[in-house]
Amino acid sequence: MLSLLQAGDLVSPVFMRFLAPYGLETVILGEDLDHDALPVLRAKLLFKLRASKPNGRNLLDAMLEAEVALRAEGDERDILIQPVYADGEPAEDEIARPSRQKKSSSS
């Protein structure tokens with residue numbers, strides 16, 4: 001697992017490449033646990049105040065590409081993204097992958 005600094009060096013440019021044209025100014029990365037108690041990275045994406053609402057497809061594409069960059073370096077953590085405007089108001093709902101729990105087979 002990469003350090004937070006190493007992970008940030010990988011994923012921040014990905015988010016900026018995908019989302020700066022839509023008003024992304026800053027990426028704040030932190031470590032957390034998801035609802036299954038698995039380690040994840042939490043990316044708070046700060047958009048300009050007057051930016052239009054981020055497109056969900058662009059957010060998802062950016063998240064998936066950032067995860068690809070992590071996995072290329074051997075880091076299997078998922079990324080949860082929290083898009084907000086510079087004043088702290090949510091720009092979009094938090095986006096995360098669905099639970100990874102295995103489905104139980106019925107006999």
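Structure shown above.
Throughout, a residue's number is its position along its own chain's written sequence, starting from 1. In keeping with the predicted nature of the model, local features appear solely for residues at pLDDT of at least 70, side-chain atom pairs appear and are counted solely at 80 or more, and the whole-chain, interface and lining totals rest on all residues. Note that water and hydrogens are dropped before the side-chain values are worked out from all heavy atoms of the structure.

So, about the overall build of the protein chain. A helix here means a DSSP run of H or I that spans at least four residues, while a strand means a run of E at least two residues long, and both kinds are numbered starting from the N terminus. Helix and strand counts for the protein chain stand at 2 helices and 3 strands. Each helix and strand of the protein chain, ordered N terminal to C terminal, gives the series α-β-β-α-β. Think of it in three bands: residues with accessible area under 20% of the maximum for their type are buried, residues over 50% are exposed, and the middle band is partly exposed, with areas taken using a 1.4 Å probe on protein chains only. A buried classification covers 37% of the 107 residues belonging to the protein chain. When contacts within the protein chain are restricted to residue pairs at least 6 apart in sequence, long-range pairs at least 24 apart make up 60% of them. Residue exposure ignores everything except the shown protein chains as possible cover, and the areas themselves are Shrake-Rupley values with a 1.4 Å probe. Only carbon and sulfur atoms are counted for the fraction: they give 51% of the accessible area of the protein chain, which is about 6,600 Å². Should any heavy atoms of two residues lie within 4.5 Å, those residues are counted as being in contact.

Moving on, we get to helix α2 (residues 56-72). To estimate how far a helix should reach, multiply one less than its number of residues by 1.5 Å. With 17 residues, α2 extends 24 Å between its outermost C-alpha atoms, agreeing within 8% with the 24 Å of an ideal straight helix rising 1.5 Å per residue. Those residues of α2 that sit buried are Asn58, Leu59, Ala62, Met63, Ala66, Glu67, Ala69 and Leu70. Check the buried side of α2 and you find it contacts α1 (4-19), β2 (39-47) and β3 (78-85). One side-chain oxygen of the residue at the start of α2 lies 2.6 Å from the amide nitrogen of Arg57, identifying that residue as Asn55. One or two residues past the end of α2 sits Gly74, with phi positive at roughly 85°. Pairs of N or O atoms within 3.5 Å make up the polar contacts considered here, provided that, within protein, one atom can donate a hydrogen while the other can accept it, and that residues adjacent in sequence are counted only when both atoms are side-chain atoms.

Now for unusual backbone geometry. Outside of glycine, negative phi angles account for most residues, and trans bonds account for most peptide bonds. Of note in the backbone geometry, Ala37 takes a positive phi value of approximately 65° without being a glycine. Along the chain, Ala37 falls in the loop between β1 (24-33) and β2.

This next bit is on the nonpolar core. If you look at the biggest cluster of nonpolar residues, it comprises 24 residues, and the most contacted ones within it are Phe15, Leu19, Leu45, Phe47, Ile79 and Ile81. Sorting elements by how many residues they give to this core places α2 first, with 6 residues. Definition used in this section: a nonpolar core is a set of buried Ala, Val, Leu, Ile, Met, Phe, Trp, Tyr and Cys residues joined via side-chain atoms within 4.5 Å.

What follows concerns the side chain of Asp78. On the secondary structure map, Asp78 appears in strand β3. Separated by 2.7 Å, the side chains of Asp78 and Arg71 make a polar contact.

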